[in-house]
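Working through the structure, step by step
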Amino acid sequence: MTRIDFHSNVPDRIAYACRLTRKARAANCQVVLLAKDRQELMTLDEALWTFAEQEFLAHVMAGDPLAAQTPIILTDRDDAALPHYHVLVNLTSATPAHFARFERMIEVISSDESEKIAGRERFRFYKQRGYPLTHFEADKA
């Protein structure tokens, strides 16, 4: 069963997603980042190359010919064909259709009120279905 972690009150979702991805890669995890739209996808793509001066996180878009050999995949499509299902970082305000294929999912929620409301709805959805949940508040971590 998918383990689901909620990270709330995140001031900068893109930078936070980069740090989560770096941490997951340090633990030898394969990661899929699901962006809310094409603009966020492009921002995330750039950030993964530049967020830390001495490092970068090599990645490709879902559907790229190198996706099967790349541990970090980016997509803004919930129905994208993916080469691995280890960790999903959800940056959208919706419940990903195929989240249960993943070993772990991380929900990144900003301090925006509409995101909080959508996050609470997803938390209830997962809880009602018996998924193991944890919650971290970014400003208290």
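**Description of helix α2 (residues 38–50)**
When the terminal C-alpha atoms of α2 are compared, their 19 Å separation across 13 residues agrees well with the 18 Å that a helix rising 1.5 Å per residue should span. Along α2, the positions that sit buried rather than exposed are Glu40, Leu41, Leu44, Ala47 and Leu48. Within α2, the buried residues cover an arc of 130° as seen down the axis, which keeps them to one side. Every exposed residue of α2 that faces more than 90 degrees away from the buried side is listed here: Arg38 and Gln39. Packed against the buried residues of α2 are α1 (13–26), β2 (31–34), β3 (60–61) and β4 (72–75). The residue sitting at the N-terminus of α2 and contributing the capping side-chain oxygen is Asp37; that oxygen lies 3.3 Å from the backbone nitrogen of Gln39.

**Describing the pairing of strand β1 (residues 3–10)**
Of all 8 residues making up β1, 7 are buried, and the element is well covered by its neighbours. Here β1 pairs with strand β6 (residues 104–110) via 6 bridges, running parallel. Across the sheet, the residue bridging to Asp5 is Ile106, located in β6. Pairing between β1 and strand β7 (residues 133–137): 5 bridges, direction parallel. By the bridge assignment, Asp5 is partnered in β7 with Thr134.

**Topic: the environment of Ala52**
With respect to the element layout, Ala52 can be found in the loop between α2 and β3. What makes Ala52 buried here is its relative accessible area of 14%. Considering only alpha carbons, one finds Ala52 and Ala26, 26 residues apart in sequence, at a separation of 15 Å.

**Topic: the pattern of salt bridges**
What the rule picks out here adds up to 7 salt bridges. Close ionic contact of Arg13 with Glu115 constitutes a salt bridge, the shortest N to O distance being 3.4 Å. With a gap of 102 residues between them, Arg13 in helix α1 and Glu115 in helix α3 (residues 113–128) connect regions that are remote in the sequence. Summarising the burial analysis for this pair, Arg13 and Glu115 share the class buried. Of the charged contacts in the structure, one is a salt bridge between Arg122 and Glu107, with a shortest N-O distance of 2.8 Å. Linking Arg122 in helix α3 with Glu107 in strand β6, this pair joins segments that are 15 residues apart in sequence. Like Glu107, Arg122 is buried. Taken together, the shared-partner salt bridges in this structure form one network comprising Arg3, Asp5 and Arg104.

**Focus: α1**
Taking 1.5 Å per residue as the helical rise, α1 with its 14 residues ought to reach 20 Å, and the 20 Å between its terminal C-alpha atoms agrees with that figure. Every buried residue of α1 is accounted for by Arg13, Ile14, Tyr16, Ala17, Cys18, Leu20, Thr21 and Ala24. Of the residues one or two after α1, Asn28 is the one with positive phi, at around 65°.

**Quick look at the packing of aromatic side chains**
The geometry of two aromatic rings is summed up by the distance between their centres and the angle between their planes. Counted according to the given criterion, the structure contains 7 aromatic pairs. Centre to centre, the rings of Phe6 and Phe123 are 5.1 Å apart; their planes meet at 65°, and the pair counts as edge-to-face. Of the two residues, Phe6 sits in strand β1 while Phe123 sits in helix α3, which places them 117 residues apart along the sequence. On the accessibility criterion, Phe6 (4% relative accessible area) is buried. Judged by its relative accessible area of 27%, Phe123 is partly exposed. Judged by centre distance (5.0 Å) and plane angle (65°), the rings of Phe99 and Tyr126 are edge-to-face. One end of the pair, Phe99, is in the loop between β5 (87–90) and β6; the other, Tyr126, is in helix α3, with 27 residues separating them in the sequence. Judged on exposure class, the residue Phe99 and its partner Tyr126 are both buried. Grouping aromatic residues by their ring pairs yields a cluster made of Phe6, Phe99, Phe123, Phe125, Tyr126 and Tyr131.

Here is what the cut-offs are and how they apply
- Residues numbered from 1 in each chain as written.
- Predicted model: local features only at pLDDT ≥ 70, side-chain atom pairs only at ≥ 80, totals over all residues.
- Heavy atoms only, no water.
- Helix = DSSP H or I, 4+ residues; strand = E, 2+ residues; numbered from the N terminus.
- Expected span 1.5 Å × (residues − 1).
- Buried < 20%, exposed > 50% of the residue type's maximum accessible area, 1.4 Å probe, protein only.
- Arc of directions from axis to C-beta.
- Contact = heavy atoms within 4.5 Å.
- Polar contact = N/O pair within 3.5 Å; in protein donor to acceptor, adjacent residues only side chain to side chain.
- Pairing = 2+ DSSP bridges.
- Salt bridge = Lys/Arg side-chain N within 4 Å of Asp/Glu carboxyl O.
- Phe/Tyr/Trp six-rings, centres within 6.5 Å; stacked < 30°, edge-to-face > 60°.

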